[in-house]
Each structure stands twice: as C-alpha cells, then as structure tokens.
Amino acid sequence: MFLGGESKKLIGKADTTKIGTTTVPSVGIGTISWSSDSLTQLQNLELQSLVNTACQKNVAFFDTAERYGSNVKTAMGLGWGETERLTRKLLANSLPDEQKPIIATKFTPSPWRTDPKSVVEACKQSMKRLGVEQIDLYQLHMPDIVKPFRAFGISSQPLDEVYWEGLAQCYHEGLVANVGVSNYGPTLLARCQEALGKRGVPLASNQIAYSLIGRQNGAQETIDKCNELGIKALAAFPFAMGILTGKYTNTVLADTDDMDTLTSLATSRKTSLEIRDLTRYAKGDGKTIPVGGIQPLMDVMQKIGKKRRKTIAQVALNYIICKGAIPIPGARTQAQLRDNLGAMGWRLSSTEIRLLENEADRLGFAFEGAGFKRTSEKFVGYGVEKWRLD
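Everything in this summary refers to the structure shown in the same document.

Here we look at unusual backbone geometry
Right, so step 1: A positive phi angle, close to 60 degrees, is found at N183, a residue other than glycine.
Right, so step 2: Structurally, N183 is set in the loop between β7 (179-182) and α6 (186-198).
Right, so step 3: For N183, a relative accessible area of 9% corresponds to the buried category.
Right, so step 4: Of note in the backbone geometry, N217 takes a positive phi value of approximately 55 degrees without being a glycine.
Right, so step 5: Inspection of the secondary structure assignment puts N217 in the loop between β8 (203-209) and α7 (219-229).
Right, so step 6: Here N217 falls in the exposed class, since its relative accessible area comes to 55%.

As structure tokens, then:
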C-alpha cells in the first residue's frame, strides 16, 4: 500500500496526521534511551535541548512507557516510572504555559495486575508521574504474555480482555483522550477493536516493530490491517536499531554539511552484544547473513537520499510515513531530532518505494533485533517471553 505522493512537497502546512482525536506530527520522539545508568549533567542538558527544540518547532509528540528507566533497569524489567518522571521534568523546564505537548505512555501487563482496576490505577500513577490531567494516548505495552509460572506447568488464562475493559474505564473516566495497544497482530487487533467498540471506545493505535527491513513475520500484514480498520500504526525500531542510518556500514550521506548530525549518528550507547549483532546485519557473516550484509540496500537508499538532499535515516523514516504509519525513532540529542524532522514535509514516490522494497527483499533476511532487544520478545526479569503477529 503506497500512501506517498509522487515526490510532492507538503508546502504551506504542517506535516501531521491523526491518532484518534489527536493531531500529531508525522514523526514521533521515542524516549526509551532517555534515562541512563548515570544521569550526568551533560546528558540532561542534551535532553533538555532536544525537548526545547521539539516544543519550539511544534513537534513535541513523546512516546514513553511506565516500564522505561535506566538501560540496565529497563532490560531487567525494573526502574518503572523513571522516564515518565524525567519527561515531566524536561517539559516543565521548557514549555511556555500556553503550549501543550502530546504524550503517549504504556501500561505493562503483569501477573499481579488481574482486574480492570489495575489498569485504571496504573494510568493514574502515570498521570501523576507525567504531571498531566489527561494522557493523550494510553497503550497496552504488549499482549498478556508475562507468565512466570508457565515453566512449572502452572498456566493461567490471558487477561487481554480484562485489560481492554481497563482501557475502556480509563477512557470513560476522562483519564485518557485515546487508547491503543502494542505488538498486536491482525487477529488480536480485530478482537480488541470489536470489544472496545461494544463499550463505546474507539481503538486509536497499534505500535509494532516495523521498518524497511522489518516487514516480515506478520509486520506488513499488521500495518495493512491497521490501515484497513482505521487504526493508526506506530512504528518502533524504525531504524532497525541504527542499521538504517548507515552508521554500521559507514554509509552516512557524504555531502551533508551538518557535523552535529554526523557526530550524533556515529556515536553509540549500545551494548557489546547489540553491536556484535548489528555489525553482523550490516556486514554479513557468510552464514545467516550473506557477506556484504545490508550494503546493497544502503547503496539504493544513499542514491535516493543524494538525489533528494536527504540523509539515509530520513529516507528510512519517510518510507514508514508513506506506508501509513508514524515512525517513533528514539532520540536523545538535538542533532538526532533535527535529522529525524528532515523526514517530514516530503514523500517518496511510488517508484522509489518499490525500488527500496525490492532491494530489501533481495537481502534474504529480516531484522529481528540485537542483543537482548528483540522485535517480538521481551526480557521480563525471570526470562524471555515471545509473541507473534498472527
């Protein structure tokens, strides 16, 4: 499905779209990397500069979650609420009174949360941490897959419908403007929309891992189903953890004159395991990934970017916009934000989209994550839980 125009510029109007009743920029700002294990003054200044710029340019659409915290704590399923509190602090230091950012956050299904009231209470806690009277978009972080006693033969029925009822209560109590889900495939998505519809609640969004090299394993089918049902898709991992910026193949658009962007894209806070896996995708290992890795696709992206005076990263984000989804790239510096915003205000042509997809398909592999960060599973403290977009 091509939603892009024939290379038309969006002149004279903001590049926006809708999530339910809320108008948002066509590119969001992911906050999963905002907290660090050591919150130094420099890092906080970088984040403050990012938030200031986003507010000044009217692109302050932040996606966070209650389970986001420092890198180590988030990986272990700990540190709940840290990033929500940091988001509140940064916004308080930057926003004029009359300007309101758009904030999306997420509820994490957990074994001790067994009734709709638990969703309502978690929502209120997120509101308090964020310092808002209403959350613009409240999402379930994943299907109900966290079952710590399953390995011992002790299982329980999924509580997805219980959580849907909780979302409906949040909506009817006015705690949230819109409700959404994350990591739902077409079947569960349709069930959720029907269930919420019976309660008079529209399902506004579904956030999944999606990118030019992340269209397999049900991802593209899920995006298509979202477009069919009128549910806005949000795309996590839009850069495939940085692979689609070119930095792991040293393919950064050579004629850019923005050294801040080059520096930002070249630095990394990835773990050694993540870097190992990402390098394998980028350059190949001759086993699971052909030698040369992603370089053939990088060459095509660079050619398109050079023609349009855009970076490879901007081409990657614009592709997602053209497919009807909102990319949510993580950003922790002003330079990264500026580069991400360069994906707005224009559209790839249908010919360019086909060219990119054909080259991506020829690679013969799909991006499934790196290190402990996977596109269809989460490390939840006691182990790894997986889901399928089916």
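There's plenty left to go through after this.
Regarding the packing of α6 against α7
Right, so step 1: For the pair α6 and α7, the least separation of the axes is 9 Å and the interaxial angle reads 25 degrees. As the angle between them shows, α6 and α7 are arranged roughly parallel. Note that α6 runs across α7; the crossing there is right-handed. Contacts between α6 and α7 involve P186, L189, A190 and Q193 from the first element and E221, T222, K225, C226 and L229 from the second.
Right, so step 2: When its residues are assigned to classes, the contact of α6 with α7 shows five nonpolar, two polar and two charged.

Quick word on the packing of helix α10 (residues 295-308) against helix α11 (residues 312-322)
Right, so step 1: Between α10 and α11, the shortest axis-to-axis distance is 8 Å and the interhelical angle comes to 95 degrees. Compared by their axis directions, α10 and α11 come out roughly perpendicular. When α10 is examined against α11, the residues M298, M301, Q302, I304 and G305 are found in contact with a partner set consisting of I312, V315 and A316.
Right, so step 2: In the contact of α10 with α11, the residues fall into six nonpolar, two polar and no charged.

Let's talk about the packing of aromatic side chains
Right, so step 1: Summed over the entire model, instances satisfying the criterion amount to seven aromatic pairs.
Right, so step 2: Here W164 and Y184 contribute two aromatic rings whose centre-to-centre distance is 6.4 Å and whose plane-to-plane angle is 55 degrees, an arrangement assigned as tilted. One end of the pair, W164, is in helix α5 (residues 160-172); the other, Y184, is in the loop between β7 and α6, with 20 residues separating them in the sequence.
Right, so step 3: Residue classification places W164 among the buried residues on the basis of a relative accessible area of 2%.
Right, so step 4: Note on Y184: relative accessible area 0%, which makes it buried.
Right, so step 5: An aromatic cluster of three or more residues is present, and its members are F237, Y281, F365 and F367.
Right, so step 6: The ring of Y281 carries R280 above its face, with NZ or CZ at 5.2 Å from the centroid.

Quick notes on the pairing of β8
Right, so step 1: When you tally the buried positions in β8, you get seven out of seven residues, the bulk of the element.
Right, so step 2: Summarising the sheet, β7 and β8 pair through four bridges and their orientation is parallel. Each residue of the ladder has a partner; that of V179, found in β8, is L203.
Right, so step 3: The parallel pair β7 and β8 is bridged by α6, and the resulting crossover is right-handed.
Right, so step 4: Across five bridges, the pairing between β8 and strand β9 (residues 232-236) is parallel.

Some thoughts on the nonpolar core
Right, so step 1: Ranked by size, the top nonpolar core spans 98 residues in total, and within it Y138, I213, L244, L297, M301 and L356 carry the most contacts.
Right, so step 2: Here this core gets nine residues from one element, more than from any other, and that element is α11.
Right, so step 3: Dropping the residues within four chain positions of it, I213 is found in contact with A240, I243, L244, I294, L297, A360, L363, A366 and F367.

Some words on the pattern of salt bridges
Right, so step 1: Counted according to the given criterion, the structure contains 17 salt bridges.
Right, so step 2: The salt bridge involving E194 is made with K198; its shortest N-O contact spans 3.9 Å. Here the residue E194 and the residue K198 both occupy positions in helix α6, the gap between them amounting to four residues, near one helical turn.
Right, so step 3: Here K225 and E228 are joined by a salt bridge, their closest N and O atoms 3.4 Å apart.

Overview of the pairing of β9
Right, so step 1: The buried fraction of β9 amounts to five of the five residues, a majority that puts the element mostly inside the structure.
Right, so step 2: Burial along β9 is two-sided: K232, L234 and A236 and A233 and A235, pointing in opposite directions, are all buried.
Right, so step 3: Note that the unit made of β8, α7 and β9 has a crossover that is right-handed.

As for α5
Right, so step 1: An ideal rise of 1.5 Å per residue puts 18 Å on 13 residues; α5 measures up with 19 Å between its terminal C-alpha atoms.
Right, so step 2: Listing the buried residues of α5 in full gives D160, Y163, W164, G166, L167, A168 and C170.
Right, so step 3: Residues of α5 that are buried make contact with β5 (102-107), α4 (116-130), β6 (137-140), β7 and α6.

Describing the sheet that holds strand β10 (residues 325-327)
Right, so step 1: Spatial strand order, β3-β4-β5-β6-β7-β8-β9-β10: eight strands in an open sheet with parallel pairing. Looking at strand neighbours, the two that pair on one side only are β3 (29-30) and β10, the edges of this open sheet.
Right, so step 2: The sheet contact formed by strand β4 (residues 61-63) and β5 spans three bridges and is parallel. Looking at β5, one finds that F61 is bridged to I102.
Right, so step 3: Contacts between α5 and the sheet are confined to β5, β6 and β7, with β6 contributing the most and set at about 170 degrees to the helix.
Right, so step 4: Running at roughly 155 degrees to β10, α11 makes contact with β9 and β10 of the sheet.

Calculation rules
- Residues numbered from 1 in each chain as written.
- Predicted model: local features only at pLDDT ≥ 70, side-chain atom pairs only at ≥ 80, totals over all residues.
- Heavy atoms only, no water.
- Helix = DSSP H or I, 4+ residues; strand = E, 2+ residues; numbered from the N terminus.
- Buried < 20%, exposed > 50% of the residue type's maximum accessible area, 1.4 Å probe, protein only.
- Axes fitted to C-alpha atoms, helices over the stretch in contact; angles between N-to-C directions.
- Parallel < 35°, antiparallel > 145°, perpendicular 65-115°, else oblique.
- Left-handed = near helix turned anticlockwise from the far one by under 90°.
- Contact = heavy atoms within 4.5 Å.
- Nonpolar A, V, L, I, M, F, W, Y, C, P; charged D, E, K, R; others polar.
- Phe/Tyr/Trp six-rings, centres within 6.5 Å; stacked < 30°, edge-to-face > 60°.
- Lys NZ or Arg CZ within 6 Å of the ring centre and 35° of its normal.
- Pairing = 2+ DSSP bridges.
- Right-handed = clockwise from strand over helix to strand, strands pointing away.
- Core = buried A, V, L, I, M, F, W, Y, C linked by side-chain atoms within 4.5 Å.
- Salt bridge = Lys/Arg side-chain N within 4 Å of Asp/Glu carboxyl O.
- Expected span 1.5 Å × (residues − 1).

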